[in-house]
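Chain by chain, the residues run as shown.
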Amino acid sequence: MIQIKGLSFLYNDSKEPALNNINLQIGEGEFVGIVGPTGAGKSTLALCLNGVIPHFLHGEFYGEVKVDGKDTVENDCARIAYSVGSVFQDPEAQIVSTRVEDEIAFGLENLNIPRIEIAARIKESLEMTGISDLRDYSTTQLSGGQKQRVAIASAIALRPKILVLDEPTSELDPKGSLDIFNTLQKLNKEYSITIVVIEQKIQLLTEYCSRLVVMEKGSVLLDGPTRNVLANQEILQKIGVNSSPVTRLAYMLKKEGLYQGEFPINVEEAYLVVSKVLSEKRR
Amino acid sequence: MPAMVEYIQTDSFFHRLNPITKILWTFAVLIISFLFNSPIPILVILLSNLLIALASGIIKQVLPMMKALFIFSFILILCQIFFVDEGKTLFYAIPYFNIGKVTDAGLNMSLVMSFRMVATVSTIPILMMTTPMTDMVVVLVEKLKIPFKYAFMFITALRFIPTLMGEIEQIMQAQMSRGYNSDTRNPFKKMVIVIPLAIPLLVSSIKKTEKMAISMEARGFASGPRSYFRKIVMGKADYAALVLLLTAILSPALL
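Because the structure is a prediction, the values reported are computed rather than measured.

Caption draft 1: Expanded view of the overall build of chain B. Looking only at helices and strands, chain B has 9 helices and 2 strands in total. Across chain B, helices and strands are ordered from the amino to the carboxyl terminus as α-α-α-α-β-β-α-α-α-α-α. A globule of 255 residues ought to have a C-alpha radius of gyration of about 18 Å, yet chain B, at 23 Å, is considerably larger. Taken over 255 residues, chain B has a buried fraction of 41%. Considering only contacts within chain B whose residues lie at least 6 apart along the sequence, 70% involve residues at least 24 apart. With the model as given, the accessible surface of chain B reaches about 15,100 Å², and the carbon-plus-sulfur share is 72%. Side-chain charges of chain B comprise 23 positive and 13 negative groups, with the mean position of each set lying 4 Å from the other.

Structure follows, in C-alpha cells:
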C-alpha cells in the first residue's frame, strides 16, 4: 500500500536532511505507529505520504514514494487525497468551517463531487467515526477530542485507503486520546483502512498498533511487530523514547534474570508476568 | 469572549430568508436612508432594524452594538453641529457668551447623519448573525460570481476570530503571570501595552495559517472546479420580502 524507497528530503534553508535514506513498505490493512524523539523526521515523513512534500513544501527530494500505486511526485495533492487521508496535530488549525457538516463536505467540494453524493458521504463518514450526533454542531462548540474526530471524518469522507495521522492526540486529554485510538481501531478493523499514526503516547501505540517504526535523526532505527521493537529497550531508552510503565517493569525483571519471555503490552499482560514471577519465587 | 459578529442559530423568519434577500435588504436600507432628508423616516428604518433583530432573537447582541454606534455618532454630531450657520438659532451651548450656536437646520442635518449612520451600519451585524457563513459563500460564489478564493478568504477570516480571541487570552495570561501589567484605562498606555501581546499573536497566527494551508492542501483545495454541498433557493417568503423592499424604496418617490 505504501512503498518508500531511498527517500531523503532536505528542507530549503536547512543544512541537515530531515529524512535520510528511508526505506519502508507498509501493507494493506496494517496499523503502524511511528515514534521517535523530536526532530527525528516523523512529521516530514507524514508530509511525504500525503504529497504536501514535494508539492506544497519545497526542498531537495530524493528517492521514491508510492501510495496506493501512485507516485507522489507525479500526482498532485488532490489526486493523492483520494488515496491518503491526513489528520494533523492542531485541531484548531485544520478545521476550516464553522459547521461540522460543512467541514466534512470541504474535501468533497474541492474535488467537485456532486451534491447528492456529498450528502451520502457525510452520513457515511459520521457513522464510521461514531459522531453522527455532532452533525449539526458548530465547530466552535466542540471539545478537542471531538474536533479531532471531525477532522478524521473529514479525511475519510474521500474514502482513502490510507489514513496518516501526525500526533493526533498531542493536544487532547486521556479520554479524548482513547476515543481517537478506538475510532482508528474501528476504521482499521471494520473498513480495513491502512493506518499510519505518529504518536508520543507510547502506551497507546503499544496497545493498538501491530507494528512500530522507531525513527531517529531522519532514519528508521527499528521496525517490526510491536513486541519485537519493544524488546530493544536499551536502544529506545538511549534515544529518549520512553516506554510504557508495564514494558519498563518487564524490562527490569528481565535484567534481574527473573523473567524470560515476551514483553507485555498492557496492564492485564503485565499482571500475568508479575504473578508468574512471584509464583516462581515462592516455590 | 465571544466574537462580535458570530452566527447565532435560532429558527426565525429572518434566518430562513435567502442570503441574497438579506444582502438586498442591507442595500435597501442604505438607499432609503439616503433618499430621506429628515430624521423621522430614517428613525423609522432604524426601528425596523431593531424589530427584525427582535424577531430574529438576536436583540441582546444587537442592542449593545447600537449603543456603541450611537455613542460614535454623538461624537460625530459634536464635531459638526456648531459649524452650521443656516436656519433659525435654537440655542447656544454656552448661553451667556453666545458660543456654540445650534440652528434648526444644523440639528436636522446632524440627526439625519447620525440616524443614517446607525441605520445603515447596524444592518451588517444583523445580516452576519442571521446568516451562516457557508450559505453566504455559496450565494456569493454561485449567484454573485465572486471568485471562490476571495469568498473563502472572507469566511476563514471570520472563522478565525474566536480562535484568535482564545489565543490573545492565553498570551495575556502568560504575560500577566510574569508580572506584566495590562490593566489600565488610559487608551494611550493601553496601546503601548498591547504591543507585547501583538507580536506573539502574529507569530502564532502565521504558524496556524501554514498548518491550515497544509490541511487544506491535503484535502484537494483549489485543485480544479468545485461543487457545493449546500443548495440555496429563493422561497415564497423571499419574493414577498423583495416586493416589500421595492415598495419601501419607491415610497419616498410617491410621497
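Caption draft 2: Representation of the packing of helix α6 (residues 144–156) of chain A against helix α7 (residues 174–191) of chain A. Residues and elements named next belong to chain A. Running from amino to carboxyl end, α6 crosses α7 at an angle of 20°, the nearest separation of the two axes being 9 Å. Taken together, the axes of α6 and α7 lie roughly parallel to each other. Handedness of the α6/α7 crossing: right-handed. Residues G145, Q148, R149, I152 and I156 of α6 pack against G176, D179, I180, T183, L184 and L187 of α7. Along the lines of polarity and charge, the residues of the contact of α6 with α7 split into 5 nonpolar, 4 polar and 2 charged.

Caption draft 3: Quick peek at the sheet that holds strand β8 (residues 194–198) of chain A. Residue and element names in this part refer to chain A. Strands sit in the order β6-β7-β8-β3-β9-β10 across an open sheet of 6 strands; the sheet is mixed. In the strand order of this sheet, the two ends are held by β6 (84–87) and β10 (219–225), each with one partner. Strand-to-strand twist across the sheet, computed as the mean angle between neighbouring axes with direction ignored, equals 15°. Judged from the 5 bridges that link them, strand β7 (residues 162–166) and β8 form a sheet pairing that is parallel. Its bridge partner being in β8, L165 is matched across the sheet by V197. Together, β3 (31–35), β6, β7, β8 and β9 (211–216) form the strand contacts of helix α1 (residues 42–49), whose direction differs from that of β8 by roughly 150°.

Caption draft 4: Main features of unusual backbone geometry. Geometrically, the link from I53(A) to P54(A) is a cis peptide bond, its omega value of 10° lying close to zero. On the secondary structure map, P54(A) appears in helix α2 (residues 52–55). Positive phi outside glycine occurs at N21(A), with the angle close to 50°. On the secondary structure map, N21(A) appears in strand β2 (residues 19–26). One non-glycine residue, A222(B), lies in the positive phi region at around 55°. Here A222(B) is to be found in the loop between α8 (187–217) and α9 (236–254). Residue classification places A222(B) among the partly exposed positions, given a relative accessible area of 49%.

Caption draft 5: The arrangement of the nonpolar core in detail. All names here are of chain A. One finds I4, L7 and L45 to be the most contacted residues of the largest nonpolar core, which totals 33 residues. When residues in this core are grouped by element, the largest group, 5 residues, is from α1. Once you skip the residues sitting within four places of it in the chain, I4 turns out to touch I22, N23, L24, Q25, L45, L49, E64 and V65. The next biggest cluster of nonpolar side chains, apart from the first, holds 32 residues, and it includes I193, I195, V197 and I202.

Caption draft 6: A look at the packing of helix α2 (residues 19–35) of chain B against helix α3 (residues 39–55) of chain B. Residue and element names in this part refer to chain B. Packing of α2 against α3 leaves a shortest axis separation of 9 Å and a crossing angle of 160°. Regarding the angle of α2 to α3, the classification is roughly antiparallel. For α2 against α3, the interelement crossing comes out left-handed. Where α2 abuts α3, its residues W25, V29, I32 and S33 lie against I42, I45, N49 and I52. Partitioning the contact of α2 with α3 into residue classes produces 6 nonpolar, 2 polar and no charged.

Caption draft 7: Structural context of the interface of chain A and chain B. At the junction of the two partners, chain A supplies 37 residues and chain B supplies 31 residues. Buried surface at the junction of chain A and chain B, both sides included, amounts to about 3,100 Å², of which 56% is carbon and sulfur. Counting every contact that joins chain A to chain B gives 7 salt bridges. Note that D102(A) is salt-bridged to R230(B), the shortest N-O span being 2.8 Å. Here chain A and chain B share 20 residue pairs in polar contact (both at pLDDT 80 or more) between them. Of all the secondary-structure elements, those providing two or more residues to the side of chain A that touches chain B are α3 (77–81), α4 (100–110) and α5 (115–128) of chain A.

Caption draft 8: Structural detail: a nonpolar patch on the surface. All names here are of chain B. On the surface, F27, L30, I31, F34 and L35 cluster together to form a nonpolar patch covering roughly 480 Å² of accessible area. Among the structural elements, L35 can be located in helix α2. The partly exposed category is assigned to L35, whose relative accessible area is 46%.

Caption draft 9: View of α4(A). Residue and element names in this part refer to chain A. Across the 11 residues of α4, 11 count as buried, placing the element largely inside the fold. All of the buried residues in α4 are V100, E101, D102, E103, I104, A105, F106, G107, L108, E109 and N110. Count one or two residues on from α4 and you reach N112, which has phi positive near 60°.

Caption draft 10: Here's a closer look at α1(A). Residue and element names in this part refer to chain A. Here α1 lies mainly inside the structure; 7 of its 8 residues are buried. For α1, the complete set of buried residues consists of K42, T44, L45, A46, L47, C48 and L49. Phi for G51, located one or two positions after α1, is positive at around 80°.

Caption draft 11: Just the domain arrangement of chain A, in detail. Residue and element names in this part refer to chain A. Domain boundaries in chain A define domain 1 (2–235) and domain 2 (244–283). If you average the C-alpha positions of domain 1 and of domain 2, the two centres end up 34 Å apart. Facing the 9 residues of domain 1 at the interface are 12 residues of domain 2. Between domain 1 and domain 2, the buried area comes to about 950 Å², and carbon and sulfur atoms account for 58% of it. When the buried area of domain 1 at its contact with domain 2 is split by residue, Q203, R227 and Q233 rank highest and sum to 57% of it.

Caption draft 12: Molecular detail of the pattern of salt bridges. Under the definition given, this model contains 27 salt bridges over all chains. One salt bridge in this structure joins D223(A) and R211(A), with 2.9 Å as the shortest N-O distance. With D223(A) in strand β10 and R211(A) in strand β9, the pair connects residues that are 12 residues apart, well separated along the chain. A salt bridge links D85(B) to K101(B), with the nearest nitrogen and oxygen atoms 3.0 Å apart. Note that D85(B) is positioned in the loop between α4 (59–80) and β1 (89–94) and K101(B) in strand β2 (residues 99–103), a separation of 16 residues in sequence. Residue class for D85(B) comes out exposed when judged on its relative accessible area of 56%. Where salt bridges share partners, they join R99(A), E101(A), D102(A), R135(A), D135(B) and R230(B) into one cluster.

Procedures and definitions
- Residues numbered from 1 in each chain as written.
- Chains lettered and ligands numbered in written order.
- Predicted model: local features only at pLDDT ≥ 70, side-chain atom pairs only at ≥ 80, totals over all residues.
- Heavy atoms only, no water.
- Helix = DSSP H or I, 4+ residues; strand = E, 2+ residues; numbered from the N terminus.
- Rg over C-alpha atoms; globule rule 2.2 N^0.38 Å.
- Buried < 20%, exposed > 50% of the residue type's maximum accessible area, 1.4 Å probe, protein only.
- Contact = heavy atoms within 4.5 Å.
- Areas by Shrake-Rupley, 256 points an atom, 1.4 Å probe, with all protein chains shown as cover.
- Lys, Arg positive; Asp, Glu negative; His and termini not counted.
- Charge placed at Lys NZ, Arg CZ, Asp CG, Glu CD.
- Axes fitted to C-alpha atoms, helices over the stretch in contact; angles between N-to-C directions.
- Parallel < 35°, antiparallel > 145°, perpendicular 65-115°, else oblique.
- Left-handed = near helix turned anticlockwise from the far one by under 90°.
- Nonpolar A, V, L, I, M, F, W, Y, C, P; charged D, E, K, R; others polar.
- Pairing = 2+ DSSP bridges.
- Core = buried A, V, L, I, M, F, W, Y, C linked by side-chain atoms within 4.5 Å.
- Buried area = accessible area lost by both parts, 1.4 Å probe.
- Salt bridge = Lys/Arg side-chain N within 4 Å of Asp/Glu carboxyl O.
- Polar contact = N/O pair within 3.5 Å; in protein donor to acceptor, adjacent residues only side chain to side chain.
- Patch = residues over 30% accessible without salt bridge, like charges linked within 9 Å, V, L, I, M, F, W, Y side chains within 5 Å.
- Domains from an automatic or database assignment.

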